[in-house]
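As a plain string of letters, each chain reads:
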Amino acid sequence: MKVEAITLREIRMPLKYFFETSFGRSEGRRVLLVTTHCEGVEGWAECVAGDGPFFSYEWIETAWTTIREFLALSLVGKNFAIAADCAEAMSQVRGHNMAKAALENALWDAEAKQKQLPLWRLLGGTLREINCGVSIGIQNSHEQLLEKISTELTAGYQRIKVKVKPGWDFDVLAKIRSRWPEILLSCDANSAYGAVDPQSLSKFDEFNLLMIEQPLWHDDIFEHANLQRQIKTAICLDESIRNVRDAQEAIQLGACRIINVKVGRVGGFREAIAIHNVCQRSNIPVWCGGMLETGIGRAHNIALSTLPNFRLPGDVSASKRYWAEDIVDPEVEVSARGTIKVNDTPGTGYEIKRDLIERLTVRTETIRHNAASV
Ligand code: OSB
Ligand code: MG
């Protein structure tokens, strides 16, 4: 697979509803889309870096410039036997996993199309249908949150995850549990409890949660291990797991009982598969996290979620929860049982809506072998 050129493109996508976490509220996304041009085949991927360096130090501007100045130059003009091999070529750049993942995943998309294989099979998937949950942000009121949960349960989603932070936690969970004692419920703190007395976190145990996601610092494993010994609720790590070594360390230290795999956070499908495999061998279930993706990133998350150790419902939900109109056709839809079926169409099974993307584009740049950027 020869990489002839790489196109970067920024589109602006307003969210239907704001999405608020312990680190802030988003009203829309500036999305970086990457296209790899390989011998007549185009591969597409989405960079999940946000509008600012809040979930991670990466954001759209660092991703764009790191790709343009370094990562793209290490790929264009090169021939890779398989997409996964490009990770090695980019390894000189430290970190910047979201930028790397966008490039690697675009090449996986190209490889799947070139081989006329569905992406999920190329990744090693076995599940034909994936289980879906939703992540519901912090709202303006408790009533609004309960209303949203009710809507998603009616739609069929199998697991509800709510965002929590000090002051928006125990009262909220108590209200949810008194109305829905039996549902599969989890919470995600996005590192909001680092400064809190760890003893107080055992209060989460009252709510029979499937897990609490990333309660402590974004870069911590050790203190999560201490905390996991003190609380009954399973800890799930998100931000702390940047690669397969982090996953091994977290498992060995007992820092979590579940891992959220986000392909962008870990630098691409190759690393995501490696984490999946390590967790599978250690009997640690994984699930696929989300980053408010458009249909392009969503389609990649769906393909990844077909690997066998994706045993818990992921944050992979329907396009219409986020976007007035998604940039793929068909849009991502979820059945009344809260599932998405995969099919055998080569590639992701979701077509790119080029005209719509063109209309939403605010800037674009193409990097070619031995040529100045255009
Ligand atoms: O921590 O999982 C998270 C969105 C942005 C940043 C971090 C997170 C999230 C979500 C969104 O929870 C899940 C989704 O895409 O539906
Ligand atoms: Mg999370």
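Since this is a predicted model, take the numbers as computed values, not measurements.

## Topic: helix 9 (residues 269–281)
- Between the first and last C-alpha of helix 9 there are 18 Å, a value that for 13 residues agrees with the 18 Å anticipated at 1.5 Å per step.
- Every buried residue of helix 9 is accounted for by Phe 269, Glu 271, Ala 272, Ile 273, Ile 275, His 276, Val 278 and Cys 279.
- Next to the buried residues of helix 9 lie helix 3 (97–114), helix 4 (119–122), helix 8 (244–253), strand 10 (258–261), strand 11 (286–288) and helix 10 (295–304).
- Where helix 9 terminates, the next one or two residues include Asn 283, which has phi positive at roughly 60 degrees.

## Some words on the coordination of the magnesium ion (ligand 2)
- The magnesium ion (ligand 2) binds to the protein through Asp 188 (OD), Glu 213 (OE) and Asp 238 (OD); the donor distances cover 2.1 to 2.3 Å.
- Within one chain, the residues serving as donors to the magnesium ion (ligand 2) are arranged as D-x24-E-x24-D. Note that Asp 188 is positioned in strand 7 (residues 185–188) and Glu 213 in strand 8 (residues 211–213), a separation of 25 residues in sequence.
- Owing to a relative accessible area of 1%, Glu 213 belongs among the buried residues under this scheme.

## Considerations on the sheet that holds strand 7
- Here seven strands make up an open sheet; going across it, the order is 5-6-7-8-9-10-11 and the pairing parallel. At either margin of the open sheet sits one strand with a lone partner, and together these are strand 5 (134–136) and strand 11. Between one strand axis and the next, the sheet turns through 25 degrees on average, direction left out of account.
- Taken strand by strand, helix 9 contacts strand 10 and strand 11, and its axis lies near 165 degrees from that of strand 10.

## So, the packing of aromatic side chains
- Within the structure shown, the criterion is met by five aromatic pairs.
- Here Phe 23 and Phe 55 contribute two aromatic rings whose centre-to-centre distance is 6.3 Å and whose plane-to-plane angle is 55 degrees, an arrangement assigned as tilted. Of this pair, Phe 23 sits in the loop between strand 1 (5–21) and strand 2 (24–38) while Phe 55 is found in the loop between strand 3 (41–47) and helix 1 (60–71), placing the two residues 32 residues apart along the sequence.
- Classification of Phe 23 by relative accessible area gives partly exposed; the value is 36%.
- Since its relative accessible area comes to 13%, Phe 55 is described here as buried.

About the thresholds
- Per-chain numbering applies: the sequence of each chain, read as written, is numbered from 1 onward.
- Written order decides the labels, with chains lettered from A and ligands numbered from 1.
- Residues qualify for local features only when their pLDDT is at least 70, as the model is predicted, and side-chain atom pairs are given and counted only at 80 or more; totals for whole chains, interfaces and linings, by contrast, use all residues.
- Hydrogens are left out, water is left out, and the side-chain values use all remaining heavy atoms of the structure.
- Helix and strand assignments follow DSSP, with helices taken as H or I runs no shorter than four residues and strands as E runs no shorter than two, numbered in order from the N terminus.
- A helix is expected to span 1.5 Å multiplied by its residue count minus one.
- Any residue under 20% of the maximum accessible area for its type is buried, any over 50% is exposed, and the rest in between are partly exposed; the area is computed with a 1.4 Å probe on protein chains only.
- Two residues form a contact once any of their heavy atoms are found within 4.5 Å.
- Here a donor is any nitrogen, oxygen or sulfur atom (N, O, S) within 2.8 Å of the metal, with 3.2 Å used for Na, K and Ca; water is not among the atoms considered, so some sites may look incomplete.
- Here, strands pair whenever DSSP counts at least two bridges between them.
- Comment: axis = line fitted to C-alpha atoms, over the contacting stretch for helices; angle = value between 0 and 180 degrees taken between N-to-C directions.
- Stacked, tilted and edge-to-face pairs are distinguished by plane angle, under 30 degrees for stacked and over 60 for edge-to-face with tilted covering the rest, among Phe, Tyr and Trp rings (Trp via its six-membered ring) whose centres lie within 6.5 Å.

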